[in-house]
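Chain by chain, the residues run as shown.
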Amino acid sequence: MSAAHELFVVRGYAGTTFQQVADAAEVSVQTVYFHYGNKSQLLKHVVDVASVGDDAPVPLLRRPWFAALQEAPDPAAVVRRWVHLSGVILDRVAPVLAVVRDAAAGDPDMAAQWAANSEQRHTAHGEFVAILARRHALRPGLTRRRATGVTVGLLSPDLFLVMTRECAWTTAQWEKWATDHLSHGLLLGARQ
């Protein structure tokens with residue numbers, strides 16, 4: 001899977017072939033076809049593995065770290081942990097999501113993949129916001145929908161890539177910045 005991930009990130013969707021993936025993985029091209037069927041399914045699998053960090057069939061929000069997040073001692077700790085975990089995930093997945101985004105304009109399968117990935121991000125960030133809402137920690141007048149939108153925007157793969165690539169920030173610098181802004185934007189009693 002790492003061979004396909006690297007090829008997609010370096011060569012893009014159109015520039016990556018099954019033969020290149022097979023050669024890099026040191027398997028036959030028939031093996032790649034057998035397991036994935038077509039390039040869009042291969043890229044979907046690459047995104048899925050990058051999102052969760054392995055190929056175990058456990059959804060992101062059913063991972064032990066998400067259960068632990070719900071037990072964080074206070075809302076500020078929930079935000080810090082969510083941003084940290086988002087940074088770990090974005091380090092792996094943001095470059096390959098950019099491939100999906102770029103291919104979506106000309107490929108219906110990739111457009112569907114981009115839409116599905118966007119929906120998954122909204123769902124995950126919505127679950128994070130729900131944790132804060134259950135603790136009555138959201139700013140007055142801030143709806144869960146609006147809070148989810150703020151989170152989706154601040155923790156987007158596109159913004160992550162701008163900050164870490166174009167601005168040459170480390171993930172740790174991005175994490176501090178994102179934590180500060182997300183806390184300010186969401187939390188009751190956050191410093192003004």
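Just above sits the structure.
Treat the numbers as computed from the prediction; the structure is a model and nothing was measured.

Peer 1: How would you explain the packing of aromatic side chains if you had to name every residue and give the values?
Peer 2: Within the structure shown, the criterion is met by 8 aromatic pairs. An angle of 15° between the planes, with centres 6.2 Å apart, marks the rings of Phe8 and Tyr13 as stacked. For the pair formed by Phe8 and Tyr13, the shared burial category is buried. Here a set of aromatic residues connected by ring pairs shows up, and it is made of Trp65, Phe66, Trp82 and Phe128. Lys39 extends its terminal NZ or CZ atom over the ring of Tyr13, reaching a point 4.7 Å from the ring centre. Positioned above the aromatic ring of Trp114, the side-chain terminus of Arg121 is 4.9 Å from the ring centre.

Peer 1: Now, about helix 6 (residues 75–104): what can you tell me, with residues and values included?
Peer 2: Residues spaced three or four apart along an α-helix face the same direction, because each turn holds 3.6 residues. Between the first and last C-alpha of helix 6 there are merely 37 Å, a value that for 30 residues lags more than 12% behind the 44 Å anticipated at 1.5 Å per step. For helix 6, the N-terminal cap is Asp74; the gap from its side-chain oxygen to the backbone nitrogen of Ala76 is 3.0 Å.

Peer 1: I'd like a rundown of the packing of helix 1 (residues 2–11) against helix 4 (residues 39–52), residues and numbers included.
Peer 2: Contact geometry of helix 1 with helix 4 gives a least axis separation of 10 Å together with a crossing angle of 105°. Relative to helix 4, helix 1 is oriented roughly perpendicular. Where helix 1 approaches helix 4, its residues Ala4, His5 and Phe8 are matched on the opposing element by Lys39, Leu42, Leu43, Val46 and Ala50. Across the contact of helix 1 with helix 4, the residue classes break down as 6 nonpolar, 1 polar and 1 charged.

What counts and what doesn't
- Residues numbered from 1 in each chain as written.
- Predicted model: local features only at pLDDT ≥ 70, side-chain atom pairs only at ≥ 80, totals over all residues.
- Heavy atoms only, no water.
- Phe/Tyr/Trp six-rings, centres within 6.5 Å; stacked < 30°, edge-to-face > 60°.
- Buried < 20%, exposed > 50% of the residue type's maximum accessible area, 1.4 Å probe, protein only.
- Lys NZ or Arg CZ within 6 Å of the ring centre and 35° of its normal.
- Helix = DSSP H or I, 4+ residues; strand = E, 2+ residues; numbered from the N terminus.
- Expected span 1.5 Å × (residues − 1).
- Polar contact = N/O pair within 3.5 Å; in protein donor to acceptor, adjacent residues only side chain to side chain.
- Axes fitted to C-alpha atoms, helices over the stretch in contact; angles between N-to-C directions.
- Parallel < 35°, antiparallel > 145°, perpendicular 65-115°, else oblique.
- Contact = heavy atoms within 4.5 Å.
- Nonpolar A, V, L, I, M, F, W, Y, C, P; charged D, E, K, R; others polar.

That is the geometry; function is a separate question.
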